[in-house]
Amino acid sequence: MLPSPPDQAVLDQQRRQTGDRIRRARALRGLTQEALAERAGLDRKTISGLENGTAGATHDQLARVAHGLGLPMWRLFWDE
């Protein structure tokens, strides 16, 4: 039997946690949202939405952000 899908509150929390990881990694590198957006080939509003957890992200967007941060993509989802 498969587990039931997560409810919206769980998804919202996961988006916020991923956004927090992106924000921390960006700050540790001394990057502005604009600088990360340029490195990732995205616009600043997209970076802001991802960091705030208000925008759902595509796989491609997350891959671009990870590349812009110089991180493997899994680091956006897991705290060590």
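My aim in this report is to walk through the structure given alongside it, one point at a time. This structure is a prediction, so every number in the text was calculated from the model and none was measured. (Residues numbered from 1 in each chain as written. Predicted model: local features only at pLDDT ≥ 70, side-chain atom pairs only at ≥ 80, totals over all residues. Heavy atoms only, no water.)

**Describing the nonpolar core**
One finds Ile22, Leu36, Leu42, Ile47, Val65, Leu69 and Leu76 to be the most contacted residues of the largest nonpolar core, which totals 15 residues. For this core, the secondary structure elements donating two or more residues are helix 1 (8-28), helix 2 (33-40), helix 3 (44-52) and helix 4 (59-69). Per element, the largest residue contribution to this core is 4 residues, and it comes from helix 4. With residues up to four places along the chain from it excluded, the contact list for Ile22 reads Leu36, Leu50, Glu51, Leu62, Val65, Leu69 and Leu76. (Core = buried A, V, L, I, M, F, W, Y, C linked by side-chain atoms within 4.5 Å. Buried < 20%, exposed > 50% of the residue type's maximum accessible area, 1.4 Å probe, protein only. Helix = DSSP H or I, 4+ residues; strand = E, 2+ residues; numbered from the N terminus. Contact = heavy atoms within 4.5 Å.)

**Observations regarding the pattern of salt bridges**
Tallying each qualifying case throughout the model produces 6 salt bridges. When the shortest N-O distance is used, the salt bridge between Arg15 and Asp12 registers 2.6 Å. Note that Arg15 and Asp12 are positioned in helix 1 at a spacing of 3 residues, about one turn of the helix. For Arg15, a relative accessible area of 27% gives the class partly exposed. With a relative accessible area of 21%, Asp12 lands in the partly exposed category. A salt bridge links Arg23 to Asp20; the nearest nitrogen and oxygen atoms lie 3.0 Å apart. With Arg23 and Asp20 both in helix 1 and 3 residues apart, this pair spans about one turn of that helix. (Salt bridge = Lys/Arg side-chain N within 4 Å of Asp/Glu carboxyl O.)

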